[in-house]
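Structural characterization, general
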Amino acid sequence: MATHLDLEEQEQLDRLKGFWRQYGNLITWTLIAVLGAFAAWNGWNWWQREQSGRASAMYDELEKAAQAGDAAKAAGVFADMKERFPRTTFTQQGALLAAKTQFDKGQLDAAATTLTWAADNAAEAEYKTAARLRLAGLLLDQKKYDDALKALDGATAKEFEALVADRRGDVLLAQGKTDDAKAAFNKAWQAMDPTVDYRRLIEAKLTALGAAPEAAKAPAAGSAK
């Protein structure tokens, strides 16, 4: 009986050895890959937290420079942030803040360069669109109309749809393309939440162009009776 069991165990052991010889490496490498991926995921999360923490401290420094109106220091801190932590949210925010500080100090070319970096490198569509909106406004002031429209082409965040259309209308109007400007302003008016006061400004632009929205005309007509 014992011999029978010993033989059966030996056969099972031999089969196990054969199985391992055939599939052992595959199983081992699969486990390594899975465990490696898990370790990498934990490492990535730790790295992200570490990066974000350091970038946050630098953003605080940039914010203090901006509040003091020190455009040179703000630009220097931002340059360090984009070199060391280009993908963090704090660096994206830092680009907008640094550009505003530069703009307030009349450093228009520097502000445009900072905004262009954010427009091209921001990881989130919202920051990218905000940068493009501000860049388009700056280029509009400089009468670089084609460049302004090009900047708006990449402004795709849905939340900014109305503001992008409104800014496009401003550029087109400055180019003398009145009909195109009306269409852009009308799109902005329709996309803007009716409870937002800024919608009245868009409505005023349309009215000045003789294209007041029909929904806005009706109450005025009723009140005149």
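Please read these numbers as outputs of a predicted model, since none were measured by experiment.

Calculation notes
- Residues numbered from 1 in each chain as written.
- Predicted model: local features only at pLDDT ≥ 70, side-chain atom pairs only at ≥ 80, totals over all residues.
- Heavy atoms only, no water.
- Helix = DSSP H or I, 4+ residues; strand = E, 2+ residues; numbered from the N terminus.
- Core = buried A, V, L, I, M, F, W, Y, C linked by side-chain atoms within 4.5 Å.
- Buried < 20%, exposed > 50% of the residue type's maximum accessible area, 1.4 Å probe, protein only.
- 1 Å grid on protein atoms, 1.4 Å probe; cavity = no way out; pocket = protein on both sides within 12 Å on 5 of 7 lines; lining within 4 Å.
- Points joined across faces, edges and corners; volume = space filled by probe spheres on them.
- Nonpolar A, V, L, I, M, F, W, Y, C, P; charged D, E, K, R; others polar.
- Axes fitted to C-alpha atoms, helices over the stretch in contact; angles between N-to-C directions.
- Parallel < 35°, antiparallel > 145°, perpendicular 65-115°, else oblique.
- Left-handed = near helix turned anticlockwise from the far one by under 90°.
- Contact = heavy atoms within 4.5 Å.
- Salt bridge = Lys/Arg side-chain N within 4 Å of Asp/Glu carboxyl O.
- Polar contact = N/O pair within 3.5 Å; in protein donor to acceptor, adjacent residues only side chain to side chain.

Before going further, it helps to spend a moment on unusual backbone geometry. A positive phi angle is found at lysine 143, which is not glycine, with a value near 60°. Secondary-structure assignment places lysine 143 in the loop between α5 (125-141) and α6 (145-153).

Counting residues in each nonpolar core, the largest one holds 50 residues, and the members touching the most others are Leu62 and Leu115. Looking at which element gives the most residues to this core, the answer is α5, with nine residues.

This part takes up the layout of surface pockets. Computed from the structure, the largest pocket encloses a volume of approximately 190 Å³. Lining the largest pocket we find Leu96, Ala99, Lys100, Phe103, Asp104, Ala111, Leu115, Arg134, Gly137, Leu138 and Asp141. For the lining of the largest pocket, the secondary-structure elements that each account for two or more residues are α3 (89-104), α4 (108-121) and α5. Per element, the largest residue contribution to the lining of the largest pocket is five residues, and it comes from α3. Tallied by class, the residues present in the lining of the largest pocket amount to six nonpolar, one polar and four charged.

Our next topic: the packing of α6 against helix α7 (residues 161-174). α7 packs onto α6 with a crossing angle of 165° between their chain directions and a minimal axis gap of 10 Å. Between α6 and α7, the crossing angle belongs to the class labelled roughly antiparallel. Where α6 crosses over α7, the two elements pack in a sense that is left-handed. Counting all contacts with α6, which are made through Tyr145, Ala148, Leu149, Leu152 and Asp153, the residues of α7 involved are Val164, Arg167, Arg168, Val171, Leu172 and Ala174. A per-class count over the contact of α6 with α7 returns eight nonpolar, no polar and three charged.

Taken as a whole and judged by the stated rule, the model has eight salt bridges. In this structure, lysine 100 and aspartate 104 form a salt bridge, with 2.9 Å as the shortest nitrogen-oxygen distance. One end of the pair, lysine 100, and the other, aspartate 104, are both in helix α3, four residues apart, so they sit about a helical turn from each other. With a closest N to O distance of 2.9 Å, lysine 205 and aspartate 170 form a salt bridge. Separated by 35 residues along the polypeptide, lysine 205 in helix α9 (residues 198-208) and aspartate 170 in helix α7 bring together distant segments of the chain. Overlapping salt bridges, with partners in common, bring together Asp166, Arg167, Asp170 and Lys205 in one network.

A few words on the side chain of lysine 205. By relative accessible area, which is 18% here, lysine 205 ends up buried. Polar side-chain contacts of lysine 205 include one of 2.9 Å to the side chain of aspartate 170. The contact partners of lysine 205, leaving out residues within four places of it in the chain, are Asp166, Asp170, Phe185 and Tyr198.

Geometric values such as these leave the question of function open.
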